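# Remarks on the overall topology
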Amino acid sequence: MAVVGSRIESDSYVGTVRFIGSVPNTKGEWVGIEWDDCNRGKHDGTKDGVRYFSCKHPTGGSFVRPHKINHGISICDAIKERYTEQGSVVSTEETNLFIVVEGGLKKVETVGMEKVQKQFENLHQLKQAAMRDQLISSAGEKDLLLSLTPKLVELDISKNLLPSWKVVYEIANQLPQLKILNLSENHLSLSENLREYVPAFSSLHTLILNKCKLTWNEVIASSVMWPHVQDLHLSSNSISEICPAPDNVFDELEFLNLSGNPIKNWDQMKSFSTLPKLTTLLLNECNLSEMNIHSDEFRKLENISLAGNKFQKLQVFNELNKLPALINLTIRKNPVQDLEDEATMREIIIAKIGRLEMLNRTAVEPAERTGSELDYLRKFGLEWKDSGGDQDPAKNNPSETFIKNHPRFMEIVQEYGAPADTQIVKKSSALKGNLIELTIEAPVNPNFKPVKRRLPLSMTIGNLKLFLQKLTKTEIRKQRLVYVSRNVSVLTRSYCSNYFWVHRYKTKILFWHFMYNTMQFSPCSNQKQIEPEFCWNLLL
């Protein structure tokens, strides 16, 4: 029987009951529904000038007859249907496996199927239950769930017809070992005396509430029920303004996912800056464009994800460097990353954030950090010199503006020494004459597509190998380099020795090798002259 506030399904659409009663000039009873999908409705609860109920959307509501409404089932019935033969009898024909062969179908013996079915029949041993989209609306008979699944640890009841936290409490109260609970895509109304529900969630450490249309005030109100939660997922809700939580709320929180919420302003994050155990913060697609971090904030934060935001300036990486424990950063699809090519931007991020060990799910190896920081000195060396920097420590006094824009520059200088004038990248047209264009190939790695890069003639082989390591993810000790001139007409290619291209021109084999210090190229006619360590394929 429908009651106001209950969740229902009708013709594959889900909604909330907002009205039950008669409508003038019609016969019988009607149920007014506010649909989750506003395209299903026809009005906002008003008919012929009379308001019967209210909807958030002008076409979110409509009236349906009671007999067209599905009120859902209990979680006990859903579990029995899903995991036992008593709930849904499976015929022998349905459990048989057939494969297509020439001339028709052939039956295949399914070894172990009976054992698997018996395992599911023994619900007392069930530790994980995946009950997504099963039209669950109630806890069922008192203590029946406890007798069915006393060892349940993980429960997914997302996208069901759960109407309130009271029903969630009635379910959780029968699962003493419950640690992980997924309630995503349920619209849960708050109940009175929520603190009385705390014992039911005493073992819970992971709570998933994605796409529940929650505001931050609703999160705060419901959080009193689960004070021991460590991992909290709140992505794609209606959280825009975040006020500080009451004392001791979220003190156990280690992981917080707020991705997909319209937060926009980093200052909203200040409410979490003093949480004593927070190590991971996910803020993907939150429309964030600026960041301002104080050195005493987020002292334990090790992992942060900022993909799909609106950061436009390199300053964001200076702010992230203020996080004393940050070692893992994910930041993709932000306008700031369009300022440079992908490889160069990765170098800049690594150089600006000194403790970073993982960037965009790729490890930052010591050799890559060294190369990135040296390249950073070269790239911004001219700006450093123009602002008052000098190789002589007594004269090295860059401006406050430079230090603000490049807070780690002097730290890197302390590590490697100041860049020499010959190493500094000069932004002038003369630089173009000192660059050569290389097409880089890796014939032993079929997944690597040839790329073109313009590199300075003064680059050493050591720096070239560091560059190739970052570009191709191939360790230096595994690299083999060889240079082939563009002027050589290549008729055939074949492997010679380990990892290296041989290019034949008529009947003469031409080999090229690198001089030791710089990228100066010279031909050699004897294969033995080629150092075996130089076998990468670079086409000039």
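Residues take numbers from 1 onward in each chain, read along the sequence in its written order. The model is predicted, so local features are restricted to residues of pLDDT at least 70 and side-chain atom pairs to those at 80 or more, both for listing and for counting; the totals for chains, interfaces and linings are taken over all residues. Excluded from the side-chain calculation are hydrogens and water; included are all heavy atoms of the structure.

Under the annotation held in an unreviewed UniProt entry, the chain carries the name Tubulin-specific chaperone E and is attributed to Clavelina lepadiformis.

Each Phe, Tyr or Trp ring, with Trp reduced to its six-membered ring, pairs with another whose centre is within 6.5 Å; inter-plane angles below 30 degrees give stacked pairs, above 60 give edge-to-face pairs, and intermediate values give tilted ones. Counted by the stated rule, this structure contains 15 aromatic pairs. On the basis of an interplanar angle of 80° and a centroid distance of 5.5 Å, the ring pair of Trp216 and Phe272 is categorised as edge-to-face. Of the two residues, Trp216 sits in helix α6 (residues 216–223) while Phe272 sits in the loop between β16 (255–257) and β17 (280–282), which places them 56 residues apart along the sequence. Taken as a pair, Trp216 and Phe272 share a single burial class, namely buried. Elements are defined by DSSP. Helices are runs of H or I of four residues or more, strands are runs of E of two residues or more, and each kind is numbered from the N terminus. Here the term buried applies to any residue with accessible area under 20% of the maximum for its type, exposed to any over 50%, and partly exposed to those in between, with areas from a 1.4 Å probe on protein chains only.

Neither face of strand β6 (residues 61–64) is open: one carries Gly61 and Phe63, the other Ser62 and Val64, and all of them are buried. The pairing of strand β3 (residues 30–35) with β6 spans four bridges and is antiparallel. Across the sheet, the residue bridging to Ile33 is Ser62, located in β6. Note: two strands are recorded as paired if DSSP finds a minimum of 2 bridges between them.

Below, the discussion takes up the sheet that holds strand β2 (residues 13–21). Taken together, four strands build an open sheet; the order of strands is β1-β2-β3-β6 and the sheet is antiparallel. The open sheet has two edge strands, β1 (7–10) and β6, and neither has a second partner. Ignoring which end each strand starts from, the neighbouring axes of this sheet average 45° apart. Inter-axis angles, ranging from 0 to 180 degrees, are taken between N-to-C directions of lines fitted to C-alpha atoms, where helices are fitted over the stretch in contact.

Turning our eyes to something else, we now look at the packing of helix α9 (residues 366–379) against helix α13 (residues 461–472). Look at α9 against α13: their axes get within 10 Å of each other, and the N-to-C directions meet at 115°. Considering the angle they form, α9 stands roughly perpendicular to α13. Every pair of crossing elements has a handedness; the one defined by α9 and α13 is left-handed. Between α9 and α13, the residues in contact are Ala367, Glu368, Gly371, Ser372, Asp375 and Arg378 and Asn463, Leu466, Gln469 and Lys470, respectively. Here the term charged refers only to Asp, Glu, Lys and Arg, the term nonpolar to Ala, Val, Leu, Ile, Met, Phe, Trp, Tyr, Cys and Pro, and the term polar to all other amino acids, Gly among them. Broken down by class, the residue content of the contact of α9 with α13 amounts to two nonpolar, four polar and four charged. When describing relative orientation, an angle under 35 degrees is termed roughly parallel and one over 145 degrees roughly antiparallel, while 65 to 115 degrees is termed roughly perpendicular and anything else oblique. In this scheme the handedness of a crossing depends on how the near helix is turned from the far one: anticlockwise by less than a right angle means left-handed, clockwise means right-handed. Here a residue-residue contact requires only that any non-hydrogen atoms of the pair lie within 4.5 Å.

This part covers helix α5 (residues 165–172). The complete set of buried residues in α5 reads Trp165, Val167, Val168, Ile171 and Ala172. Take α5 and look down its axis: the buried residues cluster within an arc of 155°, on one side only. What the arc describes is the spread of directions from the helix axis to the C-beta atoms.

What follows covers the pattern of salt bridges. Should a side-chain nitrogen of Lys or Arg be within 4 Å of a carboxyl oxygen of Asp or Glu, the pair is scored as a salt bridge. Summed over the entire model, instances satisfying the criterion amount to 19 salt bridges. Residue Asp421 pairs with Lys385 through a salt bridge whose shortest N-O separation is 3.4 Å. In this pair, Asp421 is assigned in the loop between α12 (409–416) and β22 (435–441) and Lys385 in helix α10 (residues 381–386), connecting sequence segments 36 residues apart. Taking relative accessible area as the criterion, Lys385 reaches 25% and is therefore assigned partly exposed. Among the ionic contacts, a cluster of salt bridges with common partners joins Glu347, Asp375, Arg378 and Lys470.

Strand order in the open sheet made by the 11 strands is β10-β12-β13-β14-β15-β16-β17-β18-β19-β20-β21, with mixed pairing throughout. Edge positions in the sheet fall to β10 (128–130) and β21 (362–363), since each of these pairs with one other strand and no more. Of the strand pairs in this sheet, strand β14 (residues 206–208) and strand β15 (residues 231–233) are connected by three bridges, and their pairing is parallel. Following the sheet pairing, Ile208 is matched in β15 by His233.

Relative to the elements of secondary structure, Arg408 occurs in the loop between α11 (400–405) and α12. The exposure class of Arg408 is buried, given its relative accessible area of 6%. Separated by 3.2 Å, the side chains of Arg408 and Glu373 make a polar contact. Ignoring sequence-local partners within four residues, the contact set of Arg408 consists of Asn321, Ile350, Ala351, Lys352, Ile353, Gly354, Arg369 and Glu373. The term polar contact refers here to a pair of N or O atoms within 3.5 Å; inside protein, the definition further demands a hydrogen-donor-capable atom paired with an acceptor-capable atom, and it admits residues adjacent in sequence only when both atoms are side-chain atoms.

In this structure, Leu155, Phe201 and Leu320 are the most contacted members of the largest nonpolar core, which totals 84 residues. Those residues in contact with Phe201 that lie beyond four places of it in its chain are Trp165, Val168, Tyr169, Ala172, Leu181, Met225 and Trp226. Buried Ala, Val, Leu, Ile, Met, Phe, Trp, Tyr and Cys residues that are joined via side-chain atoms within 4.5 Å together make up what is termed a nonpolar core. Core analysis: the next-biggest nonpolar cluster, separate from the first, contains 13 residues, Phe448, Leu464, Leu468 and Leu481 among them.

Side chains that are three or four residues apart share a direction in an α-helix, a result of its 3.6 residues per turn. The complete set of buried residues in α12 reads Phe409, Ile412 and Val413. For α12, the buried positions fall inside an angular range of 105° around the axis, keeping them on one side. Residues of α12 that are exposed and point over 90 degrees away from its buried face: Gln414 and Glu415. Its buried side turned inward, α12 meets α8 (342–352), α9, α10 and α11.

Bringing the environment of Trp226 into the picture now. Among the secondary structure elements, Trp226 is positioned in the loop between α6 and β15. Residues Trp226 and Leu204, spaced 22 residues apart in sequence, show a C-alpha to C-alpha distance of 7.1 Å. Setting aside chain neighbours within four positions, we find Trp226 in contact with Trp165, Phe201, Leu207, Leu209, Val219, Leu232 and Phe250. Engagement of the side chain of Trp226 in a polar contact is seen with the backbone oxygen of Ser222, the distance being 3.3 Å.

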